[in-house]
Amino acid sequence: MEDEALDDVFPFDDSILSATVEKRPNCVHCARPMPQCVCHMICSRQPTETMVLVLQHPAEQNRPLRTVPLLQAGLDEKKCHVHVGKRFKNLQELITPRTALLFPGPSATNCLDVKRGSYDTLICLDGTWPQARLLYHKNPELHDLPKVMLGPSNRSVYLIHTQPTNLHLSTLESVGRALEQMEGLEGLEERLIRPLKEMVRTQFSYGAQAHGTQVEARVARKQEVKQGHKDLTVAPKLENFDYDSF
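Anyway, here's the lowdown on the structure attached to this text. (Residues numbered from 1 in each chain as written. Predicted model: local features only at pLDDT ≥ 70, side-chain atom pairs only at ≥ 80, totals over all residues. Heavy atoms only, no water.)

Quick look at the overall build of the protein chain
Heads up, the rule is: Helix and strand labels come from DSSP, where a helix needs a run of H or I of at least four residues and a strand needs a run of E of at least two; each type is numbered from the N terminus. Buried residues are those whose accessible area, probed at 1.4 Å on protein chains only, stays under 20% of the maximum for their type, while exposed residues exceed 50% and partly exposed ones sit between those limits. A contact between two residues is defined here by any heavy atoms of the two lying within 4.5 Å. In short, Shrake-Rupley with a 1.4 Å probe defines the accessible areas, and a residue's cover is counted only from the protein chains shown.
When helices and strands are tallied, the protein chain shows 9 helices and 6 strands. Within the protein chain, the fraction of its 246 residues that count as buried is 41%. Sequence separation of at least 24 residues holds for 72% of the intrachain contacts in the protein chain that already meet a minimum separation of 6. With an accessible surface of roughly 14600 Å², the protein chain has 52% of that area assigned to carbon and sulfur atoms.

Shown next, in the form of structure tokens:
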């Protein structure tokens, strides 16, 4: 009887279960919500000699602030292809005799030292570093590929994301710099990251803060533990960051 009385006061509407939350439409080019579209900052598609193959971890599809759509929008659409998954069964069909993997390691060649025309295809792994390593280990076809890597660089402009160290870059920045250095395309990276900077500035305008690195977070947590703090730092903010001039 009590349940029936409650049903009279709070009648159950089963239409709630089938209701769907209306999502904001996203731009088909930059994948940002229409009010935050950054396509006006994208230069015309940049011509390159190298084919870029992005192997993307599925979890990246759920990230709201991704850089690969900006890479696709900035390069010739015939020169940039994205494949989503963990194990790519047709990977061998995509690999040419002159394919290189953008992946750091002791055997990797600095992109500045790569002779122009050495490679016609560049494979990049998109995801967090643990996800990128997982993709590498799950796809043995990648293991014997010649590897190229970026040298020391400036801090990533993807400041709304906590990078492992000051040397880590977003996928957009990494590919842009690799192509610029391997093909001698001066200014390519800067042209490609213009919409990324705009995306970051938009997030700053909504109250987002510039993130430090995971290394800086660990240092901060150790200090906080020593001081007896209970609420430990997860993503440290950059101190004295000049938001107005970014």
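Some details on the nonpolar core
Put simply, the rule reads: Only buried Ala, Val, Leu, Ile, Met, Phe, Trp, Tyr and Cys residues count toward a nonpolar core, and they belong to the same one when joined by side-chain atoms within 4.5 Å.
If you look at the biggest cluster of nonpolar residues, it comprises 40 residues, and the most contacted ones within it are Val-52, Leu-71, Leu-122, Val-148, Met-182 and Leu-196. Breaking this core down by element, the ones donating at least two residues are strand E1 (51-56), helix H3 (68-74), strand E3 (99-102), strand E5 (121-126), helix H6 (171-183), helix H7 (188-192) and helix H8 (194-205). The dominant element in this core, judged by the number of residues it contributes, is H6, at 5 residues. One finds Leu-55, Leu-91, Phe-103 and Tyr-136 within the second-largest nonpolar core, a separate group that totals 14 residues.

Let's talk about the pattern of salt bridges
Heads up, the condition is: One side-chain nitrogen of Lys or Arg within 4 Å of one carboxyl oxygen of Asp or Glu is enough to make a salt bridge.
Tallied over the entire structure, the rule returns 7 salt bridges. In this structure, the salt-bridge partner of Glu-60 is Arg-63, at a minimum N-O distance of 2.6 Å. Judged by its relative accessible area of 7%, Glu-60 is buried.

Some remarks on empty space enclosed by the protein
This is how it is decided: The way it works is a 1 Å grid over only the protein atoms, where trapped points that fit a 1.4 Å probe form a cavity and open points with protein on both sides within 12 Å along at least five of seven lines form a pocket, and then any residue with an atom within 4 Å of a point lines it. Grid points are joined across faces, edges and corners, and a volume is the space filled by probe spheres set on the points. All amino acids are sorted into three groups, where Ala, Val, Leu, Ile, Met, Phe, Trp, Tyr, Cys and Pro are nonpolar, Asp, Glu, Lys and Arg are charged, and the leftover types, Gly among them, are polar.
According to the stated counting rule, one finds 2 cavities of 30 Å³ or more in the structure shown. Roughly 60 Å³ of internal volume is contained in the largest cavity. Taken together, Arg-155, Ser-156, Tyr-158, Leu-159, His-161, Gln-163, Thr-165, Asn-166, His-168, His-211, Gly-212 and Thr-213 make up the lining of the largest cavity. Looking at the lining of the largest cavity residue by residue, the class counts come to 2 nonpolar, 9 polar and 1 charged. Counted as a void, the second largest cavity has a volume near 50 Å³. Lining of the second largest cavity is provided by Ile-42, Cys-43, Ser-44, Gln-46, Leu-70, Gly-74, Arg-191, Leu-192 and Pro-195. Residue assignment for the lining of the second largest cavity shows that the elements contributing at least two residues are H3 and H7. Within the lining of the second largest cavity, the residues separate by chemical class into 5 nonpolar, 3 polar and 1 charged.

Some points on the side chain of Glu-183
The condition that has to hold: Residues adjacent in sequence count toward polar contacts only when both atoms are side-chain atoms; beyond that, a polar contact is any pair of N or O atoms within 3.5 Å, and within protein one must be able to donate a hydrogen and the other to accept it.
On the secondary structure map, Glu-183 appears in helix H6. A distance of 3.0 Å separates a polar side-chain atom of Glu-183 from the backbone nitrogen of Glu-49. For Glu-183, the residues in contact, after removing those within four places along its chain, are Thr-48, Glu-49, Thr-50 and Arg-116.

Looking at the packing of aromatic side chains
Selection rule: Aromatic rings from Phe, Tyr and Trp, taking only the six-membered ring of Trp, are treated as a pair when their centres fall within 6.5 Å; an angle between ring planes under 30 degrees marks them as stacked, one over 60 as edge-to-face, and anything in between as tilted.
Across all of its chains, the model carries 7 aromatic pairs by this definition. For the pair Phe-103 and Trp-129, a centre-to-centre distance of 6.0 Å together with 55° between the ring planes defines the contact as tilted. Here Trp-129 lies in helix H5 (residues 129-138) and Phe-103 lies in the loop between E3 and strand E4 (109-110), a separation of 26 residues in the sequence. With relative accessibility at 11%, the residue Phe-103 sits in the buried group. Ring plane angle 65° and centroid distance 5.8 Å describe the contact between Phe-204 and Phe-241, whose orientation is recorded as edge-to-face. On the criterion of sequence distance, the pair formed by Phe-204 in helix H8 and Phe-241 in the segment after helix H9 (214-226) is long-range, its members being 37 residues apart. For Phe-204, a relative accessible area of 13% corresponds to the buried category.

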